[in-house]
Protein chains: 2
Amino acid sequence: MTGVQQETGDDSRPTEPLDAERWRAVEARLRRDEHGLVAAVAQQWDTGEVLMLAWMDAEALRRTLETGRATYWSRSRQEHWVKGDTSGHVQRVRSVRLDCDGDAVLLAVDQVGAACHTGDRTCFDADLLLDLTPASDGDSA
Amino acid sequence: MTGVQQETGDDSRPTEPLDAERWRAVEARLRRDEHGLVAAVAQQWDTGEVLMLAWMDAEALRRTLETGRATYWSRSRQEHWVKGDTSGHVQRVRSVRLDCDGDAVLLAVDQVGAACHTGDRTCFDADLLLDLTPASDGDSA
């Protein structure tokens, strides 16, 4: 995807280093599960597409906040991964929000290319379980 | 209730009863965690707002697909809850999608009123951890 030109270059945004006190305040608000994880939803900042759901431990969140590159915890490989490091399909982070009970974060990102390892734009493209969208009401399909 | 009039009535959309075979096929694709849960992201169908993240066991998903009303599993109360049953802030489901690895669903919903129990429209409104949104396109303080 080439979309918005000024967003696709290697323009790593200047991020302020997280000072220790601020990070501790954030970390204290996390309500991690028994594996130390919170859910992380990545959403394309301009189109609103929900791209994927992944997991973060505190360190992944800290790195994400500090680098502006979406960094997750792989439950299967038990390691951190920076989205796009192998595929090139990086997620440049524009904002990170914590939900009301501290167990989920919402990342507004600029996704380069496909978010899904299958090559789909999003991880939710392939498997529609239910469609109640009115066919003749508003949308024409 | 408040909000968009034609959406607030009791216009439960006609949903086809889930036949057993179809449900088994869906259930077989779920990759539940050790508590039997998948993550469920609710997104407002027209604005794209990510409203909340909650959890579903297979039964919650089955009820959601069958009734068109978002139904979740409460990890704290250890029971099913139908969004809006106490608050009136129902979520009428327009579509449900399963992600590529089967551990998350994305619901496109029509949210009546606030999605968050705090009264905020979304559960992600209150706690902005990072904001790298360009303030004036390339120029920042």
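Structure: see above.
Residues numbered from 1 in each chain as written. Chains lettered and ligands numbered in written order. Predicted model: local features only at pLDDT ≥ 70, side-chain atom pairs only at ≥ 80, totals over all residues. Heavy atoms only, no water.

**Thoughts on the interface of chain A and chain B**
Point 1. Contacts between the two partners involve 49 residues from chain A and, on the opposite side, 49 residues from chain B.
Point 2. For the chain A and chain B pair, buried surface summed over both sides reaches about 4,200 Å², with 59% attributable to carbon and sulfur atoms.
Point 3. Contact with chain B buries surface across chain A, with F124, L129 and L132 of chain A losing the most and accounting together for 18% of the total.
Point 4. Linking chain A with chain B are four salt bridges. (Contact = heavy atoms within 4.5 Å. Buried area = accessible area lost by both parts, 1.4 Å probe. Salt bridge = Lys/Arg side-chain N within 4 Å of Asp/Glu carboxyl O.)

**Looking at the relation of the copies chain A and chain B**
Point 1. Mapping chain A onto chain B leaves a residual RMSD of 0.0 Å; the transformation is a rotation of 180° accompanied by 0.0 Å of translation along its axis. The superposition operator between the copies reduces to a two-fold rotation axis. Closest approach to the rotation axis among the C-alpha atoms of chain A is made by G48 of chain A, whose C-alpha sits 2.5 Å away.
Point 2. Most of the interface of chain A is mirrored in chain B: 96% of its interface residues are interface residues there too. (Least-squares fit on C-alpha atoms with pLDDT ≥ 70 in both.)

**Describing the pattern of salt bridges**
Residues and elements named next belong to chain A.
Point 1. One pass over the full model with this rule turns up 22 salt bridges over all chains.
Point 2. A salt bridge links R31 to D101; the shortest N-O distance between them is 3.8 Å. Note that R31 is positioned in the loop between α2 (20-29) and β1 (38-44) and D101 in the loop between β5 (91-98) and β6 (104-111), a separation of 70 residues in sequence.
Point 3. We classify R31 as partly exposed; its relative accessible area is 44%. (Helix = DSSP H or I, 4+ residues; strand = E, 2+ residues; numbered from the N terminus. Buried < 20%, exposed > 50% of the residue type's maximum accessible area, 1.4 Å probe, protein only.)

**Topic: the pairing of strand β1 (residues 38-44) of chain B**
Residues and elements named next belong to chain B.
Point 1. Across the seven residues that make up β1, a large majority, seven, are buried.
Point 2. Both faces of β1 are covered, namely the face carrying V38, A40, A42 and Q44 and the face carrying A39, V41 and Q43.
Point 3. Bridging between β1 and strand β2 (residues 50-56) involves six bridges; their strand directions are antiparallel. Opposite A42, over in β2, you have M52 as the bridge partner.
Point 4. In this antiparallel pair of consecutive strands, β1 and β2, the connection spans five residues, and G48 shows a positive phi of 85°.
Point 5. Examined bridge by bridge, β1 and strand β6 (residues 104-111) share six bridges and lie parallel to one another. (Pairing = 2+ DSSP bridges.)

**Quick word on the pairing of strand β4 (residues 79-82) of chain A**
All names here are of chain A.
Point 1. The sheet contact formed by strand β3 (residues 71-74) and β4 spans four bridges and is antiparallel. Bridge pairing links T71 to V82 in β4.
Point 2. Counted between consecutive antiparallel strands, the loop separating β3 from β4 contains four residues, among which Q78 sits at a positive phi close to 55°.

**Focus on the packing of helix α2 (residues 20-29) of chain B against helix α3 (residues 58-67) of chain B**
Residue and element names in this part refer to chain B.
Point 1. Viewed as axis vectors pointing N to C, α2 and α3 meet at an angle of 135°, and their least axial separation amounts to 11 Å. Put simply, α2 runs oblique to α3. For the crossing formed where α2 meets α3, the hand is right-handed. Across the interface between the two elements, W23, V26 and E27 from α2 touch A58, L61, R62 and L65 from α3.
Point 2. For the contact of α2 with α3, a count of residues per class yields five nonpolar, no polar and two charged. (Axes fitted to C-alpha atoms, helices over the stretch in contact; angles between N-to-C directions. Parallel < 35°, antiparallel > 145°, perpendicular 65-115°, else oblique. Left-handed = near helix turned anticlockwise from the far one by under 90°. Nonpolar A, V, L, I, M, F, W, Y, C, P; charged D, E, K, R; others polar.)

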